[in-house]
Amino acid sequence: ILLGDTRGISEETKEDFRKTGLTHILAVSGMNVTILVIASFFLVGFIPGGNFLKYPFIVLVIIFYAFLTEFQPSVLRASLMASIGISALLFGRQHYLLNSLAIAALVLLIVDPFLLYSISFQLSFAATLAIIVLMPILEERLSFVPRMARGVLALTLAAQLGTIPLLVYHFQQLSTISLLDNLLVVPAVFPAMIFGMALSVLPAISWSVARMTSFLFLPLIKYMLKTPHLLATLPLSSLYLPSPALWQIGGYYLMLAASVWSLRRIERRPNPILTFIIILSLVVTFMGCQIQRGTPPNG
């Protein structure tokens, strides 16, 4: 959870997390960097001096964390976005998330154009873009959901909508219970990260304190392991689907973009042409999937 090192985790556990749509917890991502930034902002409050001393310190912490995680694409994306946001705060400028996302993508692809074909790069940027664009709309539409659950539900749903075709394309697997599992497990990631950071420092101070902390930490980790395992055993917890064609992935994202545009304008009046395009796209995509399933396998 802290560094994305999964070498000590069994294949059974990894499969449980795959089936329940929780692989983003085992792979370090923007969530980890966000938690690190929040913790860093809390810590710099104890440092004397102005923002020109505190904010660069946070950026250095982010760079050090990216180094520890071996510069994984998702961490690099989040680190660049966070650094841009902190720089904007430092110079009194507004922070536009879409601009930060675009700059991060541009910088990474200039350094290594082949990152475009990395699964981690694709999923990270697709999920982040969907969260930036869709999450405010979903939170507004989910006003009937209790406030504590609304944010996690909107974030999870936005990320899922943004990555569904890529997940099916690369893994031929789609979780049907990821919303429920994310609601149950994601809130535990924040304390897990904080405990993980503490346990990486405490042994250097006191082994007895470190052991006591790890003992208190154990029930949380067991909860995070048992919940996906129990839900993964449910019937139809995940579906195995054929990889979609590239035109189907493109059609899906066009429909998603049209739906967002339509939802933003729906308060004014419905657009019959746009409604027709969305319905036609759905029909064509559905027919394409059926045709693809109907063809015999290679060989």
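Only a predicted model underlies this, so the values are computations on that prediction, with no experimental measurement involved.

Novice: In this structure, what is going on with the overall build of the chain? I would like to understand it.
Specialist: Within the chain, the secondary structure is distributed over 13 helices and 2 strands. Residues classed as buried in the chain amount to 39% of the 299 residues present. Contacts in the chain between residues at least 24 apart in sequence constitute 73% of all its contacts with a sequence separation of at least 6. Carbon together with sulfur atoms contributes 72% to the accessible area of the chain, which is approximately 17800 Å² in total.

Novice: What am I meant to see in helix α10 (residues 189-205) here?
Specialist: An α-helical segment advances 3.6 residues per turn. Residues three or four places apart therefore align on the same side. Helix length check: α10, at 17 residues, gives a terminal C-alpha distance of 25 Å against a target of 24 Å (1.5 Å per residue), a fit within 8%. The largest bend along α10 reaches roughly 30° and is located at L199, with the proline P203 sitting one to four residues downstream. Restricting attention to buried positions, one finds in α10 the residues V189, A192, M193, G196 and L202.

Novice: Is there a simple way to explain the pattern of salt bridges in this structure?
Specialist: Oppositely charged side chains can form a pair if their charged atoms are brought close together. Tallied over the entire structure, the rule returns 3 salt bridges. When the shortest N-O distance is used, the salt bridge between R7 and D5 registers 2.8 Å. You can call R7 exposed: its relative accessible area is 73%. Note that E15 and R18 form a salt bridge whose closest N and O atoms lie 2.9 Å from each other. Highlighted residues: E15 and R18, both in helix α1 (residues 11-19), separated by 3 residues, approximately one helical turn.

Novice: When you look at the environment of I119 in this model, what are you seeing that I'm missing?
Specialist: Mapped onto the elements of the fold, I119 is located in helix α7 (residues 119-141). Linking I119 and L166, residues 47 residues apart in sequence, is a C-alpha distance of 8.3 Å.

Novice: Any chance you could explain the side chain of S206 here in plain terms?
Specialist: Relative to the assigned elements, S206 resides in the loop between α10 and α11 (207-232). Among the polar contacts made by the side chain of S206, one reaches the main-chain amide nitrogen of V209 at a distance of 3.3 Å.

Novice: Explain the nonpolar core here, please?
Specialist: The nonpolar side chains of a soluble globular protein tend to be buried, and buried together. Within the largest apolar cluster, 30 residues are counted, with the highest numbers of intra-cluster contacts made by I25, V33, Y65 and M224. Counting only elements with at least two residues in this core, the list comes to α2 (23-26), α3 (30-44), α4 (51-68), α5 (73-90), α10 and α11. It is α4 that provides the largest number of residues to this core, a total of 6 residues. The residues contacting I25, other than those within four sequence positions of it, are I1, F17, V185, V189 and M224.

Novice: Help me understand the packing of aromatic side chains in this model?
Specialist: Two measures describe an aromatic ring pair: the distance that separates the ring centres and the angle between the ring planes. Taken as a whole, this structure holds 5 aromatic pairs when the rule is applied. The interplanar angle of 20° and the centroid separation of 4.9 Å between the aromatic rings of F195 and F217 together place this pair among those described as stacked. Placement of F195 in helix α10 and of F217 in helix α11 is noted, with a sequence separation of 22 residues between them.

Novice: Explain the packing of α7 against helix α8 (residues 147-171) here, please?
Specialist: For any two helices packed against each other, one specifies the inter-axial angle together with the distance between the axes. The geometry of α7 relative to α8 is characterised by a closest axis approach of 7 Å and an angle of 145° between their N-to-C directions. Considering how the two elements wind past one another, α7 and α8 form a crossing that is right-handed. A per-class count over the contact of α7 with α8 returns 18 nonpolar, 5 polar and 2 charged.

Novice: Would you mind going over a nonpolar patch on the surface with me for this structure?
Specialist: On the surface, L3, F64, F67, L68 and F71 cluster together into a nonpolar patch covering about 510 Å² of accessible area. Among the secondary structure elements, F71 is positioned in the loop between α4 and α5. We classify F71 as partly exposed; its relative accessible area is 44%.

Novice: What am I meant to see in the confidence of the model for the chain here?
Specialist: Detailed reading of predicted coordinates is not advised where the pLDDT is low. Residues with a pLDDT of 70 or more make up 90% of the chain, whose mean pLDDT is 81. Put simply, helix α13 (residues 272-294) is where the chain has its lowest mean pLDDT, 64, and α11 is where it has its highest, 88.

Novice: Even after reading the chapter, I still don't get unusual backbone geometry, so can you show me in this structure?
Specialist: Working note: non-glycine residues mostly have negative phi, and peptide bonds are mostly trans. Unusually for a residue other than glycine, E70 sits at a positive phi of about 60°. Within the fold, E70 resides in the loop between α4 and α5. Positive phi outside glycine occurs at Q172, with the angle close to 50°. Inspection of the secondary structure puts Q172 in the loop between α8 and β1 (173-175). According to the relative accessible area criterion, Q172 is partly exposed, its value standing at 32%.

What counts, and at which threshold
- Residues numbered from 1 in each chain as written.
- Predicted model: local features only at pLDDT ≥ 70, side-chain atom pairs only at ≥ 80, totals over all residues.
- Heavy atoms only, no water.
- Helix = DSSP H or I, 4+ residues; strand = E, 2+ residues; numbered from the N terminus.
- Buried < 20%, exposed > 50% of the residue type's maximum accessible area, 1.4 Å probe, protein only.
- Contact = heavy atoms within 4.5 Å.
- Areas by Shrake-Rupley, 256 points an atom, 1.4 Å probe, with all protein chains shown as cover.
- Expected span 1.5 Å × (residues − 1).
- Bend = angle between axes of the 7 residues up to and from the residue.
- Salt bridge = Lys/Arg side-chain N within 4 Å of Asp/Glu carboxyl O.
- Polar contact = N/O pair within 3.5 Å; in protein donor to acceptor, adjacent residues only side chain to side chain.
- Core = buried A, V, L, I, M, F, W, Y, C linked by side-chain atoms within 4.5 Å.
- Phe/Tyr/Trp six-rings, centres within 6.5 Å; stacked < 30°, edge-to-face > 60°.
- Axes fitted to C-alpha atoms, helices over the stretch in contact; angles between N-to-C directions.
- Left-handed = near helix turned anticlockwise from the far one by under 90°.
- Nonpolar A, V, L, I, M, F, W, Y, C, P; charged D, E, K, R; others polar.
- Patch = residues over 30% accessible without salt bridge, like charges linked within 9 Å, V, L, I, M, F, W, Y side chains within 5 Å.
- pLDDT = per-residue confidence, 0-100.

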